[in-house]
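# Reading the structure
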Amino acid sequence: MASLQPVRGTHDIHGETMRRHRHVEETARNLAARYGYGEIAPPIFEFTPVFARTLGEGSDIVRKEMYTFTDRGGEEVTLRPEFTAGIARAFISEGWRQNLPLKFFAAGPVFRYERPQRGRLRQFHQIDAEILGVAGPEADIEIIALGAEILERLGALDRCRLLLNTLGDPASRQAYRHALLDYFSRYEAKLSPDSRDRLVRNPLRILDSKDPGDRALLAEAPLLHKYLNPASLDFFAAVCRGLDRLGVAYQVNQRLVRGLDYYTHTAFEFVTEALGSQGAVIAGGRYDGLIETLGGPSTPGIGWAGGIERLGMLTSTLPATPGLIALVALGQAAEERAWLLARELRALGHVVDLGFGGGLGRQMKRADRIGARAAILLGDDELSRGEATLRDLGSGEQRRVALPALAGSLGAYR
Ligand code: ATP
Ligand code: MG
C-alpha cells in the first residue's frame, strides 16, 4: 500500500490556517474587483511549452521545478508553476487582442518541485494580478499600488519593504548583460556551479544567487543603472513619481532581478523579515516580450504574484469567526424539532451546529471542541413546555428561553 503521509511539500489546509488562507484570498479578490480587475481561472495544467517557452529554458522553474507528465493520450502537460503564462496563453487562444487593455486577478494552487521548508512548499497557493496592453508606466504604478493596498488591508504592510528596480528596455538590458559577462568571466572558477551555468544562459540571474561565494563577488560587480539609456531612465522615473504621488514607499535596489527571462523595465518585490529566510511575499515585473514569445501579437504586460501561505502567516487582520451555537437535542421529539429550529436560526444568520446523538456529556464535549460560544439545550420536557435552555459556554450561565424568543436572545453570539 502506498504511504499514507501527504506527499512531501504538500499540506492539508484546515483550521486557522484555512481561515488565514481564505482571508488573504478574499481580501485580494475584493480589492482587485474594486480596482476593476476581472477574475480569471486558467486551467491548473497546460501543454508544457506554454510554461517552458515563456519562463525560458534557463529559468530555475523550467530547469528543475516543473511537474511535467505525459497524459494517457500521450500529451506532455505541466501543472502550472505560476499564473502569468496561462493567462498569456488564454489571451492568445481566446482572441482578446481587441479588448486591450485587460486587467486580471487570479488565485489558486501552483506546483513547483522545490526543497520543502517553512514557507516553501511543492503545492502552494498564489494570488495574482496582471495588466495586459499598457505600455506606459501607469500600469506599473497601479499594479504595485494594488499590491501595497492588499498588504495594508492584511495588516502586513508595516512589516514589508517594497524593493524596486528596473532592468531597462531590451537595449539597456543587453548592454548590462555584456558588462556582467565581462566581469564574471574573470571569476568563473570562483562562481558556484549554478552561477557558472547562469553565466552562459543569463548572467543577470547571478544577481539573484543565494550562494555566499557568489554574493561576495557581487559586491564588486557593475551596477545596472549605469547601463540604462535615457528612455529606460525616464520610464523608471515616471514609475517612481507615480508611487510617490500615491504615498507608496519603496527602496530602489539595483540588485533586484527577477528570475525569469522575459522581464523588462520594472521589477519589484515586497519582502519581509518576519518570516525567516523565505521573505518574498509579493513579487512581479514587466514582461513586454512574453506574449510574442508564445506566438501572439506583441503586447506589453505587467503583473505580480503573492504567496498565500506566506501572506497568511503575516496577516494581522484575521476576522473573528462568527459565534458558533451548538444545538444539543436530547430525546426523539427534541431531535426532530432541532432540525427545524436550526433551519430557522440559520435563516436569521446564526451559525448552528447539530451534534447528532449521544448524551448530554458527549454533545457538550463536542460543543467545546468546535469552539461553540453557546449551546441551546433542547430536551423533550422543555420542548413540551415550548422552551429551551440557553447556556453561555464562556461564563457557564444558563437560562430558560421560550422558543419564539430564542432567536432574539442570540444576538450576543453573532
Ligand atoms: P523565491 O525566491 O522565494 O523562490 P520566486 O521568485 O520563485 O520566490 P515567484 O515565482 O515570484 O517566486 O512567486 C511569487 C510568490 O510566490 C513569492 O513571492 C512567494 O511569496 C510565493 N512562493 C514562491 N515559491 C513558493 C513556494 N515554493 N512555496 C510557497 N510560496 C512560494
Ligand atoms: Mg523560486
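Residues numbered from 1 in each chain as written. Chains lettered and ligands numbered in written order. Predicted model: local features only at pLDDT ≥ 70, side-chain atom pairs only at ≥ 80, totals over all residues. Heavy atoms only, no water.

## What to know about the packing of helix H5 (residues 137-153) against helix H9 (residues 230-246)
The condition is simple: Convention adopted: a line fitted to C-alpha atoms gives each axis, helices being fitted over their contacting stretch, and angles between N-to-C directions are expressed from 0 to 180 degrees. Secondary structure elements are defined from DSSP: runs of H or I of at least 4 residues count as helices, runs of E of at least 2 residues count as strands, and each element is numbered from the N terminus. Here the word oblique covers every angle except those under 35 degrees (roughly parallel), over 145 (roughly antiparallel) and from 65 to 115 (roughly perpendicular). Definitions for this section: a left-handed crossing has its near helix turned counterclockwise from the far helix by less than a right angle. A right-handed crossing has that turn clockwise. In what follows, a contact means two residues having at least one pair of non-hydrogen atoms within 4.5 Å. Charged residues are taken to be Asp, Glu, Lys and Arg, nonpolar residues to be Ala, Val, Leu, Ile, Met, Phe, Trp, Tyr, Cys and Pro, and polar residues to be all remaining types, Gly included.
Axis separation between H5 and H9 bottoms out at 9 Å; the angle between their running directions is 40°. It follows that H5 is oblique to H9 by the angle criterion. Relative to H9, the crossing made by H5 is right-handed. Seen from H5, the contacting residues are Pro137, Asp140, Ile141, Ile144 and Ala145; seen from H9, they are Phe235, Ala238, Val239, Gly242, Leu243 and Leu246. Residues that form the contact of H5 with H9 fall into these classes: nine nonpolar, one polar and one charged.

## Focus: the sheet that holds strand E4 (residues 76-79)
Just so we agree on the cut-off: At least two DSSP bridges between two strands are required for those strands to pair.
The three strands lie next to each other as E2-E4-E3, forming an open sheet whose pairing is antiparallel. If you trace the sheet from one side to the other, it starts and ends with strand E2 (45-47) and strand E3 (67-70), each paired once. Averaged over all pairs of adjacent strands, the angle between their axes in this sheet comes to 30°, without regard to strand direction. Relative to E4, E2 is paired through three bridges, and the arrangement is antiparallel. Each residue of the ladder has a partner; that of Phe45, found in E4, is Leu79. Across the face of the sheet, helix H2 (residues 48-55) comes into contact with E2, E3 and E4 while running at roughly 80° to E2.

## A short note on the sheet that holds strand E7 (residues 160-166)
Pairing within the open sheet is mixed, and its eight strands lie in the order E1-E5-E6-E11-E10-E9-E7-E8. Looking along the sheet, the strands with just one partner apiece sit at the ends: strand E1 (38-39) and strand E8 (251-252). Of the strands in this sheet, strand E5 (102-111) and strand E6 (123-132) are in contact with helix H4 (residues 84-93), which crosses E6 at around 45°.

## Notes on the nonpolar core
We apply this condition: Working definition of a nonpolar core: buried Ala, Val, Leu, Ile, Met, Phe, Trp, Tyr and Cys residues. They are joined through side-chain atoms within 4.5 Å. To sort residues, take the accessible area from a 1.4 Å probe on protein chains only and compare it with the maximum for the residue type: under 20% means buried, over 50% means exposed, and anything in between is partly exposed.
Counting residues in hydrophobic clusters, the biggest one holds 43 residues, and the most contacted among them are Leu132, Leu180 and Phe184. Where this core is concerned, the elements lending two or more residues are H2, helix H3 (60-65), H4, E5, E6, helix H6 (170-185), helix H8 (212-218) and helix H10 (290-293). Looking at this core element by element, the count peaks at five residues for H4. Grouped together as the second largest cluster of nonpolar side chains are 41 residues, Leu154, Phe236, Cys240 and Leu311 included.

## Focus on the site of ligand 1
What counts is decided by this rule: The criterion for a residue being near a molecule or strand is simple. One of its heavy atoms has to lie within 4 Å of it. As used in this structure description, the phrase polar contact means that two N or O atoms lie within 3.5 Å; if the pair is within protein, one of them must be able to donate a hydrogen and the other to accept it, and residues adjacent in sequence are counted only when both atoms belong to side chains.
Taken together, 15 residues lie near ligand 1, and Arg112, Glu114, Arg120, Arg258 and Ala280 sit nearest. In this structure, Val281 approaches ligand 1 through a main-chain N or O atom, which is 3.2 Å from an oxygen atom. Between Arg310 and ligand 1, the recorded distance is 3.4 Å, taken from a side-chain N or O atom to an oxygen atom. Listed by contribution, the elements that provide at least two residues to the shell around ligand 1 are E6, strand E10 (280-286) and strand E11 (301-307). If one sorts the elements of the shell around ligand 1 by residue count, E10 sits on top with three residues.

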